Amino acid sequence: MSENLPTSPAPTDGDPSQSVPANPKARWPTSRIVLLSILGIFILLLAFDVFHGRMPQSHAYDLLNAKLPGEKTGAEISKDIKPITTDDVHKLLGYSPDATESNPERIIALMTETEDPHAGRRGGAPDLVETYRFCGALRAYVVRVAYKSYPNRAIQFVDLIRGTESLFGPKS
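Residues numbered from 1 in each chain as written. Predicted model: local features only at pLDDT ≥ 70, side-chain atom pairs only at ≥ 80, totals over all residues. Heavy atoms only, no water.

Asks: Let's hear about the packing of helix α1 (residues 30–67) against helix α3 (residues 86–93): which residues, and what values?
Replies: Where α1 meets α3, the axes come as close as 10 Å, and the angle between the chain directions of the two elements is 140°. With respect to α3, the axis of α1 lies oblique. Where α1 crosses over α3, the two elements pack in a sense that is right-handed. Between α1 and α3, the residues in contact are Ala60, Leu63, Leu64 and Lys67 and Val89, Leu92 and Leu93, respectively. (Axes fitted to C-alpha atoms, helices over the stretch in contact; angles between N-to-C directions. Helix = DSSP H or I, 4+ residues; strand = E, 2+ residues; numbered from the N terminus. Parallel < 35°, antiparallel > 145°, perpendicular 65-115°, else oblique. Left-handed = near helix turned anticlockwise from the far one by under 90°. Contact = heavy atoms within 4.5 Å.)

Following this line, the structure appears as C-alpha cells:
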C-alpha cells in the first residue's frame, strides 16, 4: 500500500490565492489619453511661443536698446555720438523689417500700441517706424524702431518699443 501522496495540495477552483493575476498593463481610459494629449499639445505650443517668439523679440529689443543714446534730445544726439541709421539697425538684427510706416498719423498710433510704459520718450515725434515681427504660436511679438530725420543728416534711430499682436487680427 504504498501510494504516492502529493507534496502540495492540488489547486481547487474556489481558492482565491490560486486565481489568475490581474493584467499588470491595464489600459488607460480614453478620456485620460485625450486629456494628456491636449496637455502635451499645449506644452508644445507654449515652448514654440517662448523659443520662436518671445526670446527672439527680447533679444532684438535688448540689442537695440543698448544702442540707444539714452534720454537725450535730438540736438544732443547729433552732437555726441555717431548716428545709427536704418542700415545699421538692419545689419545689427540680421534682416530687414516686416513693415515700414511713414504716415504721421499711423506712426502715432503704432508708437502708442505698446505695453512699454516708457515708449515714445526719446527723440520727439518720429518720421519713420519699422516693425519687426517674431511669430509665436498664437501671437506675434513685435519690436518697433522709430527714426527721425535731422537737417543735413541721414535718418537716425531715436526710439524703440515692443509689444504683441494677434496672428488672427489685422496687421499694423
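Asks: Account for the sheet that holds strand β4 (residues 156–166), naming residues and giving values.
Replies: Read from one edge to the other, the open sheet built from 4 strands follows the order β1-β2-β3-β4, with strand pairing classed as antiparallel. In this open sheet, the two edge strands, each paired with only one partner strand, are β1 (99–101) and β4. Within the sheet, the average angular offset between the axes of one strand and its neighbour, ignoring direction, is 20°. Pairing geometry for β1 and strand β2 (residues 128–135), over 3 bridges, is antiparallel. Counted as the bridge partner of Glu101 is Val129 from β2. The sheet contacts of α3 involve β2, β3 (139–148) and β4, and relative to β2 the element is tilted by about 10°. Running over the sheet, helix α4 (residues 104–112) touches β1, β2, β3 and β4 and is turned about 45° from β2. (Pairing = 2+ DSSP bridges.)

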